[in-house]
Number of protein chains: 2
Amino acid sequence: MAQALDRTFAALSDPTRRAILARLAEGEATVSEIAAPFLMSQPSISRHLKVLEDAGLILRRVDGNRRPCRLAPDTLGALEDWLDHVRRIYAANYDRLDAVLNDLQSQEPKT
Amino acid sequence: MAQALDRTFAALSDPTRRAILARLAEGEATVSEIAAPFLMSQPSISRHLKVLEDAGLILRRVDGNRRPCRLAPDTLGALEDWLDHVRRIYAANYDRLDAVLNDLQSQEPKT
DNA sequence: GTGCTATATAGCTAAAAGCAAATATAGGTT
DNA sequence: AACCTATATTTGCTTTTAGCTATATAGCAC
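Everything numeric in this text was worked out from a predicted model, so none of it was measured.

Inspection of the region around DNA strand D gives 19 residues, with Ser32, Gln42 and Ser46 of chain A together with Arg17 and Ser44 of chain B positioned closest. Protein-proximal atoms of DNA strand D, defined as those within 4 Å of the protein, fall in sugar or phosphate at a share of 67%. Within the side chain of arginine 60 of chain A, a nitrogen or oxygen atom sits 2.8 Å from a phosphate oxygen of DNA strand D. One nitrogen or oxygen atom from the side chain of asparagine 65 of chain B is found 3.5 Å from a sugar or linking oxygen belonging to DNA strand D. Tallying contributions element by element places helix α4 (residues 42-54) of chain B first for the surface near DNA strand D, with four residues. A class-by-class count of the residues in the surface near DNA strand D yields four nonpolar, ten polar and five charged.

All right, on to the packing of aromatic side chains then. Enumeration over the complete set of coordinates arrives at three aromatic pairs over all chains. Centre to centre, the rings of phenylalanine 9 of chain A and tryptophan 82 of chain A are 5.9 Å apart; their planes meet at 80°, and the pair counts as edge-to-face. Here tryptophan 82 of chain A lies in helix α5 (residues 76-94) and phenylalanine 9 of chain A lies in helix α1 (residues 2-12), a separation of 73 residues in the sequence. Residue class for phenylalanine 9 of chain A comes out buried when judged on its relative accessible area of 0%. Judged by relative accessible area, tryptophan 82 of chain A falls into the buried class, the value being 10%. Geometrically, the ring pair formed by phenylalanine 9 of chain A and phenylalanine 9 of chain B is tilted, given 6.3 Å between the ring centres and 40° between the ring planes. With phenylalanine 9 of chain A in helix α1 and phenylalanine 9 of chain B in helix α1 (residues 2-12), the pair connects residues from two separate chains. There is no split in this pair, since phenylalanine 9 of chain A and phenylalanine 9 of chain B are both buried.

Our next topic: the environment of alanine 4 of chain B. By secondary structure assignment, the location of alanine 4 of chain B is in helix α1. Residues alanine 4 of chain B and alanine 78 of chain B, 74 residues apart in the sequence, show an inter-C-alpha distance of 8.6 Å.

Rules behind the numbers
- Residues numbered from 1 in each chain as written.
- Chains lettered and ligands numbered in written order.
- Predicted model: local features only at pLDDT ≥ 70, side-chain atom pairs only at ≥ 80, totals over all residues.
- Heavy atoms only, no water.
- Near = heavy atom within 4 Å.
- Polar contact = N/O pair within 3.5 Å; in protein donor to acceptor, adjacent residues only side chain to side chain.
- Helix = DSSP H or I, 4+ residues; strand = E, 2+ residues; numbered from the N terminus.
- Nonpolar A, V, L, I, M, F, W, Y, C, P; charged D, E, K, R; others polar.
- Phe/Tyr/Trp six-rings, centres within 6.5 Å; stacked < 30°, edge-to-face > 60°.
- Buried < 20%, exposed > 50% of the residue type's maximum accessible area, 1.4 Å probe, protein only.

Structural data, given as structure tokens:
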């Protein structure tokens, strides 16, 4: 499952792909509709779409000639789970000392 | 700001780095403490730490010989903001149709 | 100062990822 | 069948990234 997170985060690390996701959040769109606003070639967009699909972030369906894409519902869930996980550990250790940690500098070296 | 997100997501796309963050969520640790559980060389860990630092995910302080690292509080916030942003767009367009979309297949091609 | 420890930097190799241009495939239309 | 449109795949090139070993720097202990 670590690999899934790898792919999810890696897919999100590209601004073009994040823009595509934001676009798809507004609703389904075909490849050419998605590609239109970008200065990039169509093959490059197709490649980005494949990365997003492999990461499980989008789904495609077949409509004759086209392959309309839409957001895969809840796929960002795994990402949030990881975030929550780390935050829970953090909270368990520091509880509400966050503010203190925030400006703690070099006092109380560890050992 | 897009670049910041790029770096944040890219930093999180590596399992070693996510493990380091999870470790640091438990509390401050020196470079060698962090490196210990990994099969990787120390320089490689140092490199990962630099990536995390450049992404603003961790902070380091100076303690004599060591460079203890800790989580940068709230840096994952920007990531969550982006998530929320996309989700708001999504929600605005589909509201509570999520369940429907979930198993909507190829019905009602979009014009 | 000598030498040990902690960490960073350099140099190198290999693998991955990005992009564009060209080509292939598949559907639609006439 | 001929041709046009939508999309995918391949090719070639360049850049980035990860990892290793070796080396450098800086603090500490003697």
